[in-house]
Amino acid sequence: MAAPSCFVTTFRRNLENELPADTEQCPPKALALGLDHAESLAAVVPKATIMLAKEREFFDVRGAEEAYQRLQRLYGLLGRQNHVAMSATPLVRQVRCSRHNNYPSFPITSSNPGEKNH
């Protein structure tokens, strides 16, 4: 089973976000070859795959939904449409004290990446 999380979007949605992207998320010549994140995930087909996305995260959830639709078509062509799923949940981050692992974690929620949390 594969469970890619958070980074899955489309290059188009990533550009529309106008947020910086790490280079490992943009392989050389991927755009010139017409590849997108969904094509990277195609490498695990026909294994069961669940895409894990966050709403209002740095990566646009609309791009994750578009990538998921592309994967659904591919799994469908192979008769394995019930082997792919997607879950998009609200953004929740955990902060943990690094020196004392026995301290509880504290969830931090945000409605958008640039917003200050209270």
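What counts and how
Residues numbered from 1 in each chain as written. Predicted model: local features only at pLDDT ≥ 70, side-chain atom pairs only at ≥ 80, totals over all residues. Heavy atoms only, no water. Helix = DSSP H or I, 4+ residues; strand = E, 2+ residues; numbered from the N terminus. Buried < 20%, exposed > 50% of the residue type's maximum accessible area, 1.4 Å probe, protein only. Areas by Shrake-Rupley, 256 points an atom, 1.4 Å probe, with all protein chains shown as cover. Core = buried A, V, L, I, M, F, W, Y, C linked by side-chain atoms within 4.5 Å. Contact = heavy atoms within 4.5 Å. Polar contact = N/O pair within 3.5 Å; in protein donor to acceptor, adjacent residues only side chain to side chain. Salt bridge = Lys/Arg side-chain N within 4 Å of Asp/Glu carboxyl O.

(A) Broad picture of the overall build of the protein chain. Scanning the protein chain from N- to C-terminus turns up three helices and four strands. The helix and strand sequence of the protein chain, counted from the amino end, reads α-α-β-α-β-β-β. Within the protein chain, the fraction of its 118 residues that count as buried is 26%. Of the roughly 8100 Å² of accessible surface on the protein chain, 56% is carried by carbon and sulfur atoms.

(B) Structural detail: the nonpolar core. Grouped together as the largest cluster of nonpolar side chains are 13 residues, with contacts concentrated most on Val8, Leu41, Met51, Ala67, Leu71, Tyr75 and Val84. Element by element, the count of residues in this core is highest for helix H3 (residues 61-77), at six residues. Excluding its chain neighbours within four sequence positions, the residues that come into contact with alanine 67 are Val8, Thr9, Thr10, Ala38 and Met51.

(C) Up close: the side chain of aspartate 36. In this fold, aspartate 36 is placed in the loop between helix H1 (11-17) and helix H2 (37-41). Classification of aspartate 36 by relative accessible area gives buried; the value is 13%. Separated by 3.0 Å, the side chain of aspartate 36 and the backbone nitrogen of phenylalanine 11 make a polar contact. Aspartate 36 has contacts with Thr9, Thr10, Phe11 and Arg70, leaving out every residue within four places of it along the chain.

(D) Molecular detail of unusual backbone geometry. Residue proline 46 follows valine 45 across a cis peptide bond; omega there is 15°. Secondary-structure assignment places proline 46 in the loop between H2 and strand S1 (49-55). Residues other than glycine seldom take positive phi values, yet lysine 29 does so here, at roughly 65°. If you trace the backbone, lysine 29 turns up in the loop between H1 and H2. For lysine 29, a relative accessible area of 66% gives the class exposed.

(E) Fine view of the pattern of salt bridges. As enumerated under the stated definition, the model contains five salt bridges in all. Salt-bridge contacts for arginine 13 lead to glutamate 66; the nearest nitrogen and oxygen are separated by 2.7 Å. Pair noted here: arginine 13 is in helix H1 and glutamate 66 is in helix H3, with a separation of 53 residues, a long-range link. The exposure class of arginine 13 is buried, given its relative accessible area of 11%. One network of salt bridges, with partners in common, ties together Arg12, Arg13, Glu16 and Glu66.

(F) Up close: the side chain of histidine 37. Relative to the helices and strands, histidine 37 resides in helix H2. Sequence-distant contacts of histidine 37, that is, excluding residues within four places in its chain, are made with Phe7, Val8, Thr9, Phe11 and Gln25.

(G) Fine view of the environment of asparagine 82. Among the structural elements, asparagine 82 can be located in the loop between H3 and strand S2 (84-90). Residue class for asparagine 82 comes out exposed when judged on its relative accessible area of 66%. Polar side-chain contacts of asparagine 82 include one of 2.9 Å to the side chain of histidine 83.

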